[in-house]
Amino acid sequence: MDLNPLLPNNGDITLITKISGTGSALPAKILTNADLAILVDTSDEWITSRTGIKERRIAVDGEYTSTFAVEAARQALSMAGILPEELDLIILGTVTPDFPFPSTACIIQKELGAHKAVAFDISAACSGFIYGLSIADSFIRSGRSKKALIIGSEVLSRVVDWNDRNTCILFGDGAGAVVVEASEDQSGIVSTHIFSDGTCWDLLYQPGSGSRNPAGIHATDPNLFFIRMEGNEVYKHAVRAMEEAAMAALNANGLTASDISLLIPHQANRRIIDAITKRLDLDADKVFINLHRYGNTSSASIPIALDEANRQGRIKPGDLLLLDAFGGGFTYGSALIRW
Ligand code: ACO
């Protein structure tokens, strides 16, 4: 059989992980740059020129991380033609779970009725979806899973200091999801590459809620529960790490950037994406960008973008996709996918 040379061929083609469905869900409420200029000393011009962001979606009362995750998951399951009870694995990437425990993945499992799945959250910040995809790929290749759901979902608006113009302009809420299946097709996940660098964890973090600053003791200091970020430093690390993750995927498969049909980078900042595009020497029309509408939705940004690209017909069978992420931790990673 004429196997795709980019896919592992150990005589067992049943262990390929194929994306069979995508979905996304965003809050209806829109917060524009003009709206933000009323809250803090900023302007549409400043935000647009420094970040590329024009507006973001914000959850309202009664909407949680699980709310958007479940909606995105239902869309992905519907596209895949799979019932929730067929799932054997649910992985959620999030840094804004409904609660510290139980895992939001278990809440999602209940809402979907996916009673046969093992469900857990992973904390890898903006790389959460790529980490989840990598774990699911390993489960499927090893035969431990047949049908898995991977979600990135965030309600970052609940951990943003709306008085801090350095951070509140950047983030938004939403969720994206994919269903993956063990497949005999020649298309699917070619390889995933995930990395961590804990030396700079304190450049981007949320001080409160954990065991170092528990809510009971510091209840009078709400600042502990907001995102803290050294923006300039994060920016430099993000560009370097995303280039490294992208090159890891290309080098592992003997490819160059010209082989890529579409790059879907983490949607944090237009300038970061432009820098990666330039370093990889990619044509701008091969890079999917939607951050002007949603801001940085952390773990949700890549699966939301993947779903939009898929539903807009930007991805054709046989295309080679490169997903590229970076986030707090630091964490970073990539996934190469033959569609
Ligand atoms: N409106 C107007 N002025 C502002 C604003 C604002 N919203 N925010 C900061 N400023 C001011 C600063 O106070 C500073 O003023 P000063 O010169 O008088 O001190 C000036 O603008 C320049 O500030 P810088 O921080 O140097 O601005 P910079 O060009 O670096 O842009 C930004 C800041 C957008 C945060 C950038 O550093 C960045 O994008 N970093 C990456 C951070 C990121 O994306 N984090 C997300 C999580 S990680 C990830 O997802 C990849």
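Here the structure is a predicted model, which means the values were calculated and not measured.

K.L.:
Which residues make up the overall build of the protein chain, and what values go with them?
P.N.:
The secondary structure content of the protein chain amounts to ten helices and 13 strands. Over its C-alpha atoms the protein chain spans a radius of gyration of 19 Å, differing by no more than 12% from the 20 Å that the globule rule assigns to 339 residues. Once the C-alpha set of the protein chain is aligned to its principal axes, its extents read approximately 65 × 45 × 35 Å. Here the protein chain, with 339 residues, has 56% of them falling under the buried criterion. Considering only contacts within the protein chain whose residues lie at least 6 apart along the sequence, 78% involve residues at least 24 apart. Carbon and sulfur atoms make up 51% of the accessible area of the protein chain, which totals about 14300 Å².

K.L.:
Kindly report on the nonpolar core, identifying the contributing residues and their values.
P.N.:
One finds Phe 326 and Leu 336 to be the most contacted residues of the largest nonpolar core, which totals 45 residues. Where this core is concerned, the elements lending two or more residues are helix H7 (231–252), helix H8 (270–280), strand E12 (320–327) and strand E13 (331–338). The greatest single-element share of this core, amounting to nine residues, is contributed by H7. The residue makeup of this core includes at least three contributed by each of domain 1 (2–185) and domain 2 (190–338). Among residues more than four places away in sequence, those in contact with Leu 336 are Gly 188, Ile 189, Val 190, Ser 191, Ala 249, Asn 253, Leu 255, Ile 260, Leu 320, Leu 321 and Leu 322. If you look at the next biggest cluster of nonpolar residues, it comprises 30 residues, including Phe 129, Ile 315, Leu 323 and Ala 335.

K.L.:
Describe the site of the ligand, and please don't skip the residues or the numbers.
P.N.:
Lining the immediate environment of the ligand, one finds 22 residues, of which Thr 42, Arg 50, Asn 232, His 266 and Asn 269 sit closest. Interatomic distance of 2.6 Å between a side-chain N/O atom of Arg 50 and an oxygen atom of the ligand. In this structure, His 266 approaches the ligand through a side-chain N or O atom, which is 2.7 Å from an oxygen atom. Against a free-state accessible area of 1000 Å², the protein chains account for coverage of 75% of the ligand. Per-element tally for the shell around the ligand: the top contributor is H7, with four residues. Residue composition of the shell around the ligand, grouped by class: ten nonpolar, eight polar and four charged. Counting residues domain by domain, the shell around the ligand receives three or more from each of domain 1 (2–185) and domain 2 (190–338).

K.L.:
Describe the environment of Leu 306, naming the residues involved and giving the relevant values.
P.N.:
Mapping Leu 306 onto the fold places it in helix H10 (residues 301–311). Of the residues examined, Leu 306 reaches a relative accessible area of 0% and is grouped as buried. For the pair Leu 306 and Ala 177, spaced 129 residues apart in the sequence, the C-alpha separation amounts to 9.0 Å. If sequence neighbours within four positions are ignored, Leu 306 has contacts with Ile 19, Thr 22, Val 178, Ile 264, Ile 315, Leu 321 and Trp 339.

K.L.:
Would you mind going over unusual backbone geometry in detail, with residue names and values included?
P.N.:
The linkage connecting Phe 101 with the following residue, Pro 102, adopts the cis geometry, with an omega of 0°. A cis geometry characterises the amide bond from Gly 329 onward to Phe 330, with omega recorded as -10°. As for its position among the elements, Phe 330 is in the loop between E12 and E13. Backbone geometry at Ala 125 places phi at a positive 50°, although glycine is not the residue there. Mapped onto the secondary structure, Ala 125 falls in the loop between strand E5 (118–122) and helix H5 (128–141). Positive phi outside glycine occurs at Ser 298, with the angle close to 50°. Looking at the secondary structure, you find Ser 298 in the loop between helix H9 (291–294) and H10.

K.L.:
Lay out H7 in plain terms, naming residues and giving numbers.
P.N.:
The end-to-end C-alpha distance of H7, which contains 22 residues, comes to 31 Å, matching closely the 32 Å that a straight helix rising 1.5 Å per residue would cover. Every buried residue of H7 is listed here: Val 234, His 237, Ala 238, Val 239, Ala 241, Met 242, Ala 245, Ala 246, Ala 249 and Leu 250.

Parameters and conventions
- Residues numbered from 1 in each chain as written.
- Predicted model: local features only at pLDDT ≥ 70, side-chain atom pairs only at ≥ 80, totals over all residues.
- Heavy atoms only, no water.
- Helix = DSSP H or I, 4+ residues; strand = E, 2+ residues; numbered from the N terminus.
- Rg over C-alpha atoms; globule rule 2.2 N^0.38 Å.
- Buried < 20%, exposed > 50% of the residue type's maximum accessible area, 1.4 Å probe, protein only.
- Contact = heavy atoms within 4.5 Å.
- Areas by Shrake-Rupley, 256 points an atom, 1.4 Å probe, with all protein chains shown as cover.
- Core = buried A, V, L, I, M, F, W, Y, C linked by side-chain atoms within 4.5 Å.
- Domains from an automatic or database assignment.
- Near = heavy atom within 4 Å.
- Polar contact = N/O pair within 3.5 Å; in protein donor to acceptor, adjacent residues only side chain to side chain.
- Nonpolar A, V, L, I, M, F, W, Y, C, P; charged D, E, K, R; others polar.
- Expected span 1.5 Å × (residues − 1).

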